[in-house]
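# Analysis of the macromolecular model
One letter stands for each residue in the lines below.
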Amino acid sequence: MNEVAKTNLLGLTQPQLEAFFESIGEKRFRAGQVMKWIHHFGVDDFDAMTNIGKALREKLKACAEIRGPEVVSQSISSDGTRKWVVRVASGSCVETVYIPQNGRGTLCVSSQAGCALDCSFCSTGKQGFNSDLTAAEIIGQVWLANKSFGTVPGKADRAITNVVMMGMGEPLLNFDNVVAAMTIMMDDLGYGISKRKVTLSTSGVAPMIDKLGEVTDVALALSLHAPNDELRNKLVPINKKYPLAVVLDACRRYIDRLGEKRSLTVEYTLLKDVNDQPEHAAQLTALLKDFPCKINLIPFNPFPHSGYERPSNNAIRRFQDLLHHAGFNVTVRTTRGDDIDAACGQLVGQVMDRTRRSERYIAVRQLNGEADAPRSAASRT
């Protein structure tokens, strides 16, 4: 006789959990009680839920479970950054990173095992793609990290103050699961994180940006990385389908819908001699003129076989100054956790690549004799 699959309550939003309790003949208010136990206290044992009667606890044990992703390893950087490698149901492993800085604790969460997109400067993209993460596997990264600090979300001194959907994967290509997980992050019965402190980062899936605006009001970040379509087509291939004008129009509609003087975060990875020149700064200035945004410059973090290099500090400052003088709010992201390969663009996990992209990528690099050599300027133009 086959065992009936149990419902994993970890990834259910409050309305979904209320519907679950109704489906097993229980009152809807039980959802709030159980959500607090799961997310406020990190409980995964129904017997520990002391304000729930024994009969209901036994019923829950028979038909439900609270199961987060399996932690394969945890690394702690010399600067306090932490990285977890967790195994998901598909068998692949994804990575989650916690970054403490200036009184904030930012958790970078993955949404896919690998990534269906192939941005040329991102190590995740070179792993190919295996699967979307479930809502339980996405919120489970927050749940695991929160438990590791022994903190309760209701406390003012909680370790995780911000969550960014900037880990492995393109969040908008796993829309429903990502939205459900972010909803739990912001729910007072979940983690109670402000909508301004939950950020979704996209490479520019324009139709899904519009869809996102219909269901949530989290902060939005755009992985831009190039100031013109010709260069962005090479760095961020999805630009061929959704060019800059289309993507920026979708972002403007999203920001306009939010109101409240909200703005777009523009992420721009600086690559030596590729997109870091004064003419690129001038093009970026023209592109984003009158757009409500702040620009986050990210010095490239090297990884094997990338073919790119990090610009010099002088080049980074020059690019920042040019944008500042044009009137933009510009920050340079401090590289954190690079000693444990946890810096931006370095997340790789262990992806069981259904696309065989990683295999092809290494083969081409070796064939060209470029396994460790940076790209020449000629090959980038």
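As the structure is a computational prediction, the values presented were derived from the model and not from experiment.

## Some details on the packing of helix H9 (residues 278-287) against helix H10 (residues 313-325)
Orientation of H9 relative to H10, taken along the N-to-C sense of each, is 30°, at an axis distance of 9 Å. Taken together, the axis directions place H9 and H10 in an arrangement best described as roughly parallel. Seen from above, H9 lies across H10 with right-handed handedness. Together, Pro278, His280, Ala281, Leu284 and Thr285 of H9 and Arg318, Phe319, Leu322 and Leu323 of H10 make up the contact between the two elements. Residue classes in the contact of H9 with H10 are distributed as 6 nonpolar, 2 polar and 1 charged.

## Things to note about the pairing of strand E4 (residues 82-87)
When strand E3 (residues 70-76) meets E4, the two strands line up antiparallel, connected through 6 bridges. If you follow glutamate 70 over to E4, its bridge partner there is arginine 87. Once E3 ends, the chain turns through 5 residues before running back antiparallel as E4, passing glycine 80 with a positive phi of about 95°. The pairing of E4 with strand E5 (residues 93-101) spans 6 bridges and is antiparallel. Residue tryptophan 84 lies in a different strand from E5, and its bridge partner there is threonine 96.

## Considerations on the packing of helix H5 (residues 175-186) against helix H6 (residues 206-215)
H6 packs onto H5 with a crossing angle of 35° between their chain directions and a minimal axis gap of 12 Å. Where H5 crosses over H6, the two elements pack in a sense that is right-handed. In this structure, H5 uses Phe175, Val179 and Met182 to contact H6, whose residues at the interface are Met208, Lys211, Leu212 and Val215. Partitioned by chemical class, the residues of the contact of H5 with H6 number 6 nonpolar, no polar and 1 charged.

## Observations regarding the packing of aromatic side chains
We describe a pair of aromatic rings using the distance from one ring centre to the other and the angle between the two ring planes. For the structure on display, the rule yields 5 aromatic pairs. Summarising the aromatic geometry, the rings of tyrosine 98 and phenylalanine 149 are spaced 4.6 Å apart at their centres and angled 55° between planes, so their arrangement reads as tilted. In this pair, tyrosine 98 sits in strand E5 while phenylalanine 149 sits in helix H4 (residues 135-149), placing the two residues 51 residues apart along the sequence. According to the relative accessible area criterion, phenylalanine 149 is partly exposed, its value standing at 23%. Seen from the ring of phenylalanine 175, lysine 211 lies directly overhead, with NZ or CZ sitting 4.7 Å from the centre.

Rules and cut-offs
- In every chain, residue numbers begin from 1 and rise along the written sequence.
- Residue-level local features of this predicted model are given only where pLDDT is at least 70; pairs of side-chain atoms are given and counted only at 80 or more, and the full residue set underlies all totals for whole chains, interfaces and linings.
- Think of the side-chain values as coming from all heavy atoms in the structure, minus any hydrogens and water.
- For helices, the axis comes from a line fit to the C-alpha atoms of the stretch in contact; other axes are also lines fit to C-alpha atoms, and the angle between any two N-to-C directions lies between 0 and 180 degrees.
- Under the scheme used here, helices are H or I runs from DSSP no shorter than 4 residues and strands are E runs no shorter than 2 residues, and both carry numbers assigned from the N terminus.
- Each angle receives one of four descriptions, namely roughly parallel if under 35 degrees, roughly antiparallel if over 145, roughly perpendicular if within 65 to 115, and oblique otherwise.
- Two helices that cross are described as forming a left-handed crossing if the nearer one is turned anticlockwise from the farther one by less than a right angle, and a right-handed crossing if clockwise.
- In what follows, a contact means two residues having at least one pair of non-hydrogen atoms within 4.5 Å.
- All amino acids are sorted into three groups, where Ala, Val, Leu, Ile, Met, Phe, Trp, Tyr, Cys and Pro are nonpolar, Asp, Glu, Lys and Arg are charged, and the leftover types, Gly among them, are polar.
- In this scheme, strands are said to pair when DSSP sees at least two bridges between them.
- Pairing of aromatic side chains here covers Phe, Tyr and the six-membered ring of Trp, requires ring centres within 6.5 Å, and sorts the geometry by plane angle: under 30 degrees stacked, over 60 edge-to-face, intermediate tilted.
- Relative accessibility thresholds used throughout: buried, under 20% of the residue-type maximum; exposed, over 50%; partly exposed, between the two (1.4 Å probe, protein chains only).
- By definition, being over a ring means that NZ of Lys or CZ of Arg is both within 6 Å of the ring centre and within 35 degrees of the ring normal.

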